[in-house]
Amino acid sequence: MARPLGEINASSMADIAFLLLIFFLVTTTMNVDTGLARMLPPMPDKDQPIDDKVEVKQRNVFTVLVNKSDRLLVEGQPMDVSMLRDKAKEFVVNPKNDINLSENTPTEVDFFGIVNVSKGIISLQNDRGTSYNMYMKVQNELVAAYNELREDLARNKFGKAYKDLPEDQQKGIQKAIPMRISEAEPKSIGGKN
Amino acid sequence: MAKFERKGKKGMPAISTASLPDIVFMLLFFFMVSTTMRDTELLVRNRIPSATEIVKIEKKSLVSYIFIGTPTSKYQKLYGTEPRIQLNDSFKSLDAIRDFISSERDAMNEYDRAFLTVSLKIDEDTRMGVVTDVKQELRKASALKISYAAKRVEKIE
């Protein structure tokens, strides 16, 4: 006949678990990867002649230059970064049909019918000496300009925040307000680094 | 008349610690699941800039990292203070980026290759020169989906 077993002392279990817990606490890095997502333009073909570029009308290009001392020149005028967002929005929407701002083309878009889609391109040019911090600030403002426009459209049309919309409606908005930020071919003006 | 009196020295009953391991195990599992071991050692100073319009990178398995910044003080004797490029665990030259991208592509399964995202972790004090060079190399390697690593902040000061 088996004798009843004595109870196993489980009080050291907590110690072992604590040990493991502390190990994982120390080694944990809970970093979520976040960042500004962008697409680079593909490399032009080698045999493609250089002057064969797509012609874009001057009024459809919103040039943003950043020089090596981190100053901005927007459409030929010096500007502070804080103004950039509003200027970019004004350029894309062109509410008063200013002849110096971007043109519109009526396009058929899902959910919206015929929409005047802006032909505007924001062209960002930086110098080799520009600081990365400044470059990110400018990028951020330009992306923010488009995001705010999309947000406005989403609120007006669907009465919801852009991120809460189903995917096909987001696609529609993306088509109505396409994000066109072009980073020009690098140039070196301000000297090396 | 009724009398309430303490009968002798009874003391408090001992609190049962039997459930302590359970609680600890619960915490343990949480940390085990959420842990990602840092697989590369940082050789460069890496303070990433902040931005408001950032998005999360959805799948970690599709991401390759390129670190750019001045070498940490330990390596400055050897490598100087100019911003340098770190791929995996060592300093690399610009030309190595193309090999790096193709090896990263080979390590993925075929279906995922088109979705390779390169996360550029660049120190905020870096000048754009080296960044532009890296971007040109990425274009040549046709790794066009990039993400400029940034922290989320509510407002940029």
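Residues numbered from 1 in each chain as written. Chains lettered and ligands numbered in written order. Predicted model: local features only at pLDDT ≥ 70, side-chain atom pairs only at ≥ 80, totals over all residues.

1. Here we look at the overall build of chain A
When helices and strands are tallied, chain A shows 4 helices and 8 strands. Listing the helices and strands of chain A from first to last along the sequence gives α-β-β-β-β-α-β-β-β-α-α-β. Within chain A, the fraction of its 193 residues that count as buried is 22%. Within chain A, residue pairs in contact and separated by at least 24 positions form 65% of the contacts whose partners lie at least 6 positions apart. (Helix = DSSP H or I, 4+ residues; strand = E, 2+ residues; numbered from the N terminus. Buried ≥ 20, exposed ≤ 12 C-beta atoms within 10 Å, placed from the backbone. Contact = placed C-beta atoms within 7 Å.)

2. Examining the packing of helix α1 (residues 11–27) of chain A against helix α1 (residues 20–34) of chain B
Here α1(A) crosses α1(B) at 25°, and the two axes come no closer than 9 Å. Of the possible angle classes, the one that applies to α1(A) and α1(B) is roughly parallel. You can see that α1(A) and α1(B) cross each other, and the crossing is left-handed. For the pair formed by α1(A) and α1(B), the contact residues are M13(A), A14(A), A17(A), F18(A), L20(A), L21(A), F24(A) and L25(A) on the first element and L20(B), P21(B), V24(B), F25(B), L27(B), L28(B), F31(B) and M32(B) on the second. Grouping the amino acids of the contact of α1(A) with α1(B) by side-chain chemistry returns 16 nonpolar, no polar and no charged. (Axes fitted to C-alpha atoms, helices over the stretch in contact; angles between N-to-C directions. Parallel < 35°, antiparallel > 145°, perpendicular 65-115°, else oblique. Left-handed = near helix turned anticlockwise from the far one by under 90°. Nonpolar A, V, L, I, M, F, W, Y, C, P; charged D, E, K, R; others polar.)

3. Things to note about the nonpolar core
In this structure, A88(A), I68(B) and A150(B) are the most contacted members of the largest nonpolar core, which totals 50 residues. The biggest single contributor to this core is helix α3 (residues 132–158) of chain A, with 11 residues. Setting aside chain neighbours within four positions, we find A150(B) in contact with T34(A), G35(A), L36(A), M136(A), I48(B), P49(B), S50(B), A51(B) and I54(B). (Core = buried A, V, L, I, M, F, W, Y, C linked by C-beta atoms within 7 Å.)

4. Regarding the environment of S69(A)
All names here are of chain A. Looking at the secondary structure, you find S69 in the loop between β2 (61–66) and β3 (72–74). You can call S69 exposed: it has 11 C-beta atoms within 10 Å. Through-space distance from the C-alpha of S69 to that of S131 is 8.0 Å; in sequence the pair is 62 residues apart.

5. Regarding the interface of chain A and chain B
Contacts between chain A and chain B engage 43 residues on the former and 49 residues on the latter. Breaking the side of chain A that touches chain B down by element, the ones donating at least two residues are α1, β1 (34–39) and α3 of chain A. In terms of residue count, α3(A) provides more of the side of chain A that touches chain B than any other element does, 10 residues in total. When its residues are assigned to classes, the side of chain A that touches chain B shows 23 nonpolar, 14 polar and 6 charged. Note: β1(A) against strand β2 (residues 55–56) of chain B, 2 bridges, orientation antiparallel. Within β2(B), the residue paired with T34(A) across the bridge is K56(B). (Pairing = 2+ DSSP bridges.)

Keep in mind these values describe shape, not function.
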